[in-house]
Amino acid sequence: MIDGNSGDPSLNVESNESRQLVQRMLHLLTRQCPQPAPQERHLIQAYEHLNTMNEIVQNGAFVLTENESSRLLDACDAFLLHYNWLCDASMRDGDCFFHFTPKYHTLWHICHFGKYMNPRATWCYAFEDFVKHIRKVGVSCVCSTPMHLVPEKIVDNYLRGMSFDLGSYSDRPRKF
């Protein structure tokens, strides 16, 4: 999960895995920084707001209450403010540790629409693993295959692999 080949170590995980690291990182940061400097304070507060967002979403019903959806959006706004401070400070220092990407804008919209439906009900974590496996199949199909034939080869290899997988489970009832 930790890649250090490119110089500075970086975390390479799926969203669902990284979501579970928030509480642990918050615990480590507060323990390691009893007298936090400004950058550490903003980092701790960003993690606190992320943790609040996770708790609201994980503990909420299919439709969040008005209070929960309001708290979710407030926590998102506060997280984005602290992260923006970290991004700005990082760029001033000549580092690129905190990047602001379009995903953060999307995060705000996800939290905003939390008043209509709990984001947990629409997240697609389950498909991240599927995409990772299809990517591996695709990479294996590209070598010595004309590009216009790659999609057909990917589907063929995927179906062939599924036939092996489904054959071993044919006696078990399916769960959906």
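Please refer to the structure higher up on the page.
In this text, all values refer to a predicted model and were calculated from it rather than measured experimentally. (Residues numbered from 1 in each chain as written. Predicted model: local features only at pLDDT ≥ 70, side-chain atom pairs only at ≥ 80, totals over all residues. Heavy atoms only, no water.)

Enquirer: Looking at this structure, I do not really get the overall build of the protein chain. What am I missing?
Expert: In terms of helices and strands, the protein chain carries seven helices and two strands. Split into buried and exposed, the 176 residues of the protein chain put 25% on the buried side. Across the protein chain, contacts joining residues at least 24 apart in sequence account for 56% of those joining residues at least 6 apart. Surface summary for the protein chain: the accessible area is close to 12900 Å², and the carbon and sulfur share equals 58%. (Helix = DSSP H or I, 4+ residues; strand = E, 2+ residues; numbered from the N terminus. Buried < 20%, exposed > 50% of the residue type's maximum accessible area, 1.4 Å probe, protein only. Contact = heavy atoms within 4.5 Å. Areas by Shrake-Rupley, 256 points an atom, 1.4 Å probe, with all protein chains shown as cover.)

Enquirer: Quick question: what am I supposed to make of the side chain of Asn51 here?
Expert: By the secondary structure assignment, Asn51 is in helix α3 (residues 38-59). Here Asn51 falls in the buried class, since its relative accessible area comes to 11%. Each residue touching Asn51, except ones within four places of it in the same chain, is listed here: Val22, Gln23 and Leu26.

Enquirer: For this particular structure, what's the right way to read a nonpolar patch on the surface?
Expert: Together, Phe62, Val63, Phe113, Tyr116 and Met117 line one region of the surface with nonpolar side chains, adding up to about 530 Å² of accessible area. Within the secondary structure, Phe113 sits in the loop between α5 (102-112) and α6 (125-142). Residue classification places Phe113 among the partly exposed positions, given a relative accessible area of 45%. (Patch = residues over 30% accessible without salt bridge, like charges linked within 9 Å, V, L, I, M, F, W, Y side chains within 5 Å. Salt bridge = Lys/Arg side-chain N within 4 Å of Asp/Glu carboxyl O.)

Enquirer: Explanation requested: the pattern of salt bridges in the structure shown.
Expert: A side chain of one charge can pair with a side chain of the opposite charge if their charged atoms are brought near each other. Inspection of every chain in the model, using the stated rule, returns two salt bridges. Between Arg92 and Asp88 there is a salt bridge; the shortest N-O distance is 3.0 Å. Residue Arg92 and its partner Asp88 are located together in helix α4 (residues 66-92), separated by four residues, close to a single helical turn. Judged by its relative accessible area of 38%, Asp88 is partly exposed. Between Arg160 and Asp156 there is a salt bridge; the shortest N-O distance is 2.8 Å. A residue pair is termed a helical-turn pair when its members lie 3 or 4 positions apart in one helix, as Arg160 and Asp156 do in helix α7 (residues 150-168) at four residues.

Enquirer: What is the right way to look at the side chain of Ser90 in this model?
Expert: With respect to the secondary-structure elements, Ser90 resides in helix α4. With near-sequence residues (within four places) excluded, Ser90 lies in contact with Asp95, Cys96, Phe97 and Phe98.

Enquirer: What am I meant to see in α3 here?
Expert: Note that an α-helix has 3.6 residues per turn; residues three or four places apart therefore point the same way. The end-to-end C-alpha distance of α3 is 31 Å, a good match for the 32 Å that 22 residues give at a rise of 1.5 Å each. Residues of α3 that are buried: His42, Ile44, Ala46, Tyr47, Asn51, Met53, Asn54, Ile56 and Val57. (Expected span 1.5 Å × (residues − 1).)

Enquirer: How should the packing of aromatic side chains be read in this particular structure?
Expert: Any aromatic ring pair is given by two values, namely how distant the centres are and how the planes are angled relative to each other. If you walk through the whole model with that rule in mind, you get seven aromatic pairs. Consider the rings of Tyr83 and Phe100, whose centres lie 5.5 Å apart with planes at 70°: the pair is edge-to-face. Of this pair, Tyr83 sits in helix α4 while Phe100 is found in the loop between α4 and α5, placing the two residues 17 residues apart along the sequence. For Tyr83, a relative accessible area of 10% puts it in the buried group. Residue class for Phe100 comes out partly exposed when judged on its relative accessible area of 37%. Here Phe100 and Tyr104 contribute two aromatic rings whose centre-to-centre distance is 5.0 Å and whose plane-to-plane angle is 55°, an arrangement assigned as tilted. Take Tyr104: its relative accessible area is 18%, and that puts it in the buried class. Aromatic rings pair up to connect Phe79, Tyr83, Phe98, Phe100 and Tyr104 into one cluster. (Phe/Tyr/Trp six-rings, centres within 6.5 Å; stacked < 30°, edge-to-face > 60°.)

Enquirer: Can you help me understand the nonpolar core in this one?
Expert: One recurring pattern in soluble globular proteins: nonpolar side chains tend to sit buried together. Judged by nonpolar contacts, the single largest core of 17 residues is most densely connected at Met53, Leu72, Cys76, Phe79, Leu107 and Cys111. Among the secondary structure elements, those contributing two or more residues to this core are α3, α4 and α5. With eight residues, α4 is the single largest residue contributor to this core. For Cys76, the residues in contact, after removing those within four places along its chain, are Met53, Leu107, Trp108 and Cys111. (Core = buried A, V, L, I, M, F, W, Y, C linked by side-chain atoms within 4.5 Å.)

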